[in-house]
Amino acid sequence: MPNSAPAPQERAWTPVLVISDRPDEDPLGLLPCAVPLRRLPSPLFSAVEYRLAPLVILDDRSYSAFTLRHMPHRTGLILALADPGDDTVHPRAAAIGAEAVLHTGQGLAWLHLRLHDATGCHYARWEDLLTEPPPPGT
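Residues numbered from 1 in each chain as written. Predicted model: local features only at pLDDT ≥ 70, side-chain atom pairs only at ≥ 80, totals over all residues. Heavy atoms only, no water.

On to the nonpolar core, then. Grouped together as the largest cluster of nonpolar side chains are 18 residues, with contacts concentrated most on Leu-17, Phe-45, Tyr-50, Leu-58, Phe-66 and Leu-77. Mapped onto this core, the elements with two or more residues apiece are strand E1 (16–19), strand E3 (56–59), helix H3 (63–68), strand E4 (77–81) and helix H4 (89–96). Judged by nonpolar contacts, the second largest core, of 16 residues, contains Val-16, Val-35, Ile-78 and Ala-100. (Core = buried A, V, L, I, M, F, W, Y, C linked by side-chain atoms within 4.5 Å. Buried < 20%, exposed > 50% of the residue type's maximum accessible area, 1.4 Å probe, protein only. Helix = DSSP H or I, 4+ residues; strand = E, 2+ residues; numbered from the N terminus.)

Written as structure tokens, this is what we have:
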């Protein structure tokens, strides 16, 4: 299967695609974030947007509608899980080719770093990303 991730020059100008059917504006707790984001409900994103996005974050509540679209596997797909007790998440994530599963509200520092890496965004609020104090003597 060919890799459908965008070329590096396309990534710099293409926002991260957040697929979420939740009514709230920030379903995953990503704001404020300097990385360009495009949030769309599962029926409204296009196959081109899905292919060109440097990273795609899929809200677990949109999983069923997403699978009905029969989108191809791609690198950079992350499944955000609302229910930490859901034991079906890993087989479902594997079925769509997700590279990671995050619980909503957890792993946000990792996700922010992943967003910056995927988009080539050079601005980061490091004080928000670093959750542990520096080692003594630094």
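A sheet is described by the order of its strands in space; here 5 strands give the open sequence E2-E1-E3-E4-E5, paired in parallel fashion. Both outer strands of the open sheet, strand E2 (37–40) and strand E5 (100–103), are each paired with one neighbouring strand and no more. Here the average twist between neighbouring strands, direction ignored, is 20 degrees. Two elements, E3 and E4, share 4 bridges in a ladder whose sense is parallel. Its bridge partner being in E4, Leu-58 is matched across the sheet by Leu-79. Sheet contacts for H4: E3, E4 and E5; angle to E4, the most-contacted strand, approximately 155 degrees. (Pairing = 2+ DSSP bridges. Axes fitted to C-alpha atoms, helices over the stretch in contact; angles between N-to-C directions. Contact = heavy atoms within 4.5 Å.)

This part covers the pairing of E3. Of the two faces of E3, the one carrying Val-56 and Leu-58 and the one carrying Ile-57 and Asp-59 are both buried. Read as a crossover between parallel neighbours, the route from E3 over H3 to E4 is right-handed. (Right-handed = clockwise from strand over helix to strand, strands pointing away.)

Counting across every chain of the model gives 3 aromatic pairs. With a centroid separation of 6.0 Å and 40 degrees between ring planes, the pair formed by Phe-45 and Tyr-50 is classed as tilted. Measuring from ring centre to ring centre gives 5.8 Å for Tyr-50 and Phe-66, while their planes differ by 55 degrees; the resulting arrangement is tilted. With Tyr-50 in helix H2 (residues 47–52) and Phe-66 in helix H3, the pair connects residues that are 16 residues apart, well separated along the chain. (Phe/Tyr/Trp six-rings, centres within 6.5 Å; stacked < 30°, edge-to-face > 60°.)

To continue, consider the pairing of E5. Moving residue by residue along a regular strand, the side chains alternate between the two faces of the sheet. Residues Ala-100 and Leu-102 line the buried face of E5, whereas the alternating positions Val-101 and His-103 sit on a face that is not buried. Pairing of E4 with E5 involves 4 bridges; the strand directions are parallel. Within E5, the residue paired with Leu-81 across the bridge is His-103. Handedness of the E4-H4-E5 crossover: right-handed.

Everything listed here is a matter of coordinates, which is why it stays silent on function.
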